[in-house]
Amino acid sequence: MPAAVAPSSPVGAPDRPAAPVPASPAGEALNRVSTTLPIMLRLTCGLAGAVAALAVRTPPVEPVPLAVAVLVLTGWSVWFARSGTRSGLTCGLIGVDVALTVVTCLFIPRLVAAEVLPGEVSWVAILASTSVIVAQLALRPHWAVPAGLLVAAAYALGAHRAGDDVEAVAHATTLVVQTASGTVLAVVLRGSSRRADAAFAERQRVLREAVIARTARETERRQNRDLHDTVLSTLTMVGLGAVRADSPLLRARAAADLRTLAAARSAADVDVDATDRGDATHPALDGRLREMVARFPELPMVVDLAPGVTAPAAVAAAVAESTAAALANVLRHAPGAAVRLRLSGFAGTVVVEVVDDGPGFDPARVPAHRYGLRESIRGRMASVGGRAVVDSAPGRGTRIRLEWPHAH
């Protein structure tokens, strides 16, 4: 007859400490982009603008004001990048950047040659566009929009003073469009990041509640297993006559049941996460199983326990308690049956077998509400990444095989 196999969970390597998750990942990512992009834009355009400014020095360009402007703006681009990287793009930093650009725009008649002024391609035009874009990315709209309009007005005035009203209108219009589109883009990005962070926070809340609910269910299942395997099991065996009410063994069994329940209340029982956390000790399984055998002196039992087989404390406790549940089932349903208990470890797997020559049963016909096989054995082993195989049939006894991989 095919064996009934409990679902098993893979047991992986101990978890590594996870990197802390930011509270607002989308907002923080947007802040990084809104800081890095303006810094790179200001630095690259500042250095390229210096080269372009010095390339054309024909009249009315004045060499001294041009040299001063190039020196100040190049130094400022480097300082802007350094300060922005260290402290972020503050309002003061952007304010100074806008002020320097406005002053430079007003001096267009002395800094830009007449032949390169038209077409919005002069180095001052590029400087003005860069400042507008940087301001839109770094500032809130109530500061970014006035800054952009101020730069546009300064450029228009400077180009007008240079005698090119067409350039004044054309590039000032471009700067206004850049201000509007940059503001809209920044507003859309910030709104999207807020919505993404709100969705992330909601997901984290749902996950926390799911973990809490799962932990509560697992705790309830462990408590039910403890109750089933101790008091209810002892009372059932007394009721069935497997243990006499006046037997001196009953007192010892009841005392052991109380100790088990007390250990469960003090959280000293099975910890299903101890294996993954890597904080569990690795006790010898043969010692734990001998303790379980001592709880069933009524059973005629042959014990074959291989020494040196160890497992994490949580696994050792689960294997021992599952073995006790299997022995309790023998005592309850097949009193007088001969039992063989065997522990072995091979190929990195712990194997415990409980075999009896009792009347046997059909595992497929065990009612779903019966707790012993489902939770006390299968469920307990599955909770630590192991499995339980129940092989039985009417008239040929029962074999319960407990397995856990990655034994030490």
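Residues numbered from 1 in each chain as written. Predicted model: local features only at pLDDT ≥ 70, side-chain atom pairs only at ≥ 80, totals over all residues. Heavy atoms only, no water.

1. Details of the confidence of the model for the protein
Residues with a pLDDT of 70 or more make up 77% of the protein, whose mean pLDDT is 81. Note on residues 1-18: pLDDT under 50 across the span, and 35 contacts to partners over four residues away in sequence or across chains. Low pLDDT, under 50, characterises residues 266-280; the predicted model gives this stretch 27 contacts beyond four residues in sequence or across chains. (pLDDT = per-residue confidence, 0-100. Contact = heavy atoms within 4.5 Å.)

2. Some thoughts on the packing of aromatic side chains
Summed over the entire model, instances satisfying the criterion amount to one aromatic pair. Between Trp76 and Phe80, the ring centres sit 5.9 Å apart and the planes meet at 65 degrees, which makes this aromatic pair edge-to-face. Taken together, the residues span about one helical turn, with Trp76 and Phe80 both in helix α2 (residues 63-87) at a distance of four residues. The class of Trp76 is buried, set by a relative accessible area of 12%. Taking relative accessible area as the criterion, Phe80 reaches 0% and is therefore assigned buried. (Phe/Tyr/Trp six-rings, centres within 6.5 Å; stacked < 30°, edge-to-face > 60°. Helix = DSSP H or I, 4+ residues; strand = E, 2+ residues; numbered from the N terminus. Buried < 20%, exposed > 50% of the residue type's maximum accessible area, 1.4 Å probe, protein only.)

3. Remarks on the pairing of strand β3 (residues 339-346)
Direction of pairing for strand β2 (residues 301-305) relative to β3: parallel, over a ladder of five bridges. Within β3, the residue paired with Val303 across the bridge is Leu341. The β-α-β motif built from β2, the intervening helix α11 (residues 313-333) and the parallel element β3 has left-handed crossover chirality. Remark: two residues form the turn of the hairpin made by β3 and strand β4 (residues 349-356), two consecutive strands paired antiparallel; Ala347 in that turn has positive phi of roughly 50 degrees. (Pairing = 2+ DSSP bridges. Right-handed = clockwise from strand over helix to strand, strands pointing away.)

4. Examining the pattern of salt bridges
Counted by the stated rule, this structure contains 13 salt bridges. A salt bridge links Arg288 to Glu291, with the nearest nitrogen and oxygen atoms 3.9 Å apart. Here Glu291 and Arg288 lie together in helix α10 (residues 285-294), a separation of three residues that amounts to about one turn. A salt bridge links Arg396 to Asp391; the nearest nitrogen and oxygen atoms lie 3.0 Å apart. In this structure Arg396 comes out as partly exposed when scored by relative accessible area, which is 45%. By relative accessible area, which is 22% here, Asp391 ends up partly exposed. (Salt bridge = Lys/Arg side-chain N within 4 Å of Asp/Glu carboxyl O.)

5. Brief notes about a nonpolar patch on the surface
A grouping of Val64, Val68 and Val72 is seen on the molecular surface, where their side chains present a nonpolar patch of about 260 Å² in accessible area. Structurally, the position occupied by Val64 is in helix α2. Val64 gets classed as exposed once you look at its relative accessible area, which sits at 60%. (Patch = residues over 30% accessible without salt bridge, like charges linked within 9 Å, V, L, I, M, F, W, Y side chains within 5 Å. Areas by Shrake-Rupley, 256 points an atom, 1.4 Å probe, with all protein chains shown as cover.)

6. Notes on the environment of Thr323
With respect to the helices and strands, Thr323 occurs in helix α11. Note on Thr323: relative accessible area 0%, which makes it buried. When the C-alpha atoms of Thr323 and Glu353 are compared, they prove to be 8.3 Å apart, with 30 residues separating the residues in sequence. Discounting residues that sit within four places of it in the chain, Thr323 has contacts with Leu289, Leu341, Val352, Val354 and Leu402.

7. Some words on the side chain of Asp164
Residue position: Asp164 is located in the loop between α6 (141-161) and α7 (165-240). Within polar-contact distance, the side chain of Asp164 engages the backbone nitrogen of Glu167 at 2.9 Å. Residues contacting Asp164, with those up to four places away along its chain left out, are Leu117, Pro118 and Ala159. (Polar contact = N/O pair within 3.5 Å; in protein donor to acceptor, adjacent residues only side chain to side chain.)

8. Side note on α10
What sets the pattern is the α-helix's 3.6 residues per turn: residues three or four places apart point alike. Those residues of α10 not exposed but buried are Leu285, Asp286, Leu289, Met292 and Val293. All buried residues of α10 project into a common sector of 115 degrees when viewed along the axis, lining one side. Contact partners of the buried residues in α10: β2, α11, β3 and β4. (Arc of directions from axis to C-beta.)

9. Re unusual backbone geometry
Residues Pro59 and Pro60 are joined by a peptide bond in cis, for which omega reads 10 degrees. The residue Pro60 is located in the loop between α1 (25-55) and α2 in this model.

10. Here we look at the packing of α1 against helix α5 (residues 123-138)
Relative to each other, α1 and α5 sit at 170 degrees, their axes nearing to 10 Å. Our classification of the angle between α1 and α5 gives roughly antiparallel. Between α1 and α5, the contacting residues are Ser34, Leu37, Pro38, Leu41, Arg42, Cys45, Gly49, Ala52 and Ala53 on the first element and Trp123, Leu127, Thr130, Ser131, Ile133, Val134 and Leu137 on the second. For the contact of α1 with α5, a count of residues per class yields 11 nonpolar, four polar and one charged. (Axes fitted to C-alpha atoms, helices over the stretch in contact; angles between N-to-C directions. Parallel < 35°, antiparallel > 145°, perpendicular 65-115°, else oblique. Nonpolar A, V, L, I, M, F, W, Y, C, P; charged D, E, K, R; others polar.)

11. Brief notes about the nonpolar core
Core analysis: the biggest nonpolar cluster contains 40 residues, and Phe80, Ile94, Trp123 and Tyr155 have the highest contact counts within it. Of all the elements in the fold, those that place two or more residues in this core are α1, α2, α3 (91-106), α4 (108-111), α5, α6 and α7. The biggest single contributor to this core is α5, with eight residues. With residues up to four places along the chain from it excluded, the contact list for Tyr155 reads Cys105, Ile108, Leu117, Ser122, Val124, Ala125, Ala128, Glu167, His171, Ala172 and Leu175. Ranked by size, the runner-up nonpolar core spans 39 residues in total, among them Ala320, Val352, Ala388 and Val390. (Core = buried A, V, L, I, M, F, W, Y, C linked by side-chain atoms within 4.5 Å.)

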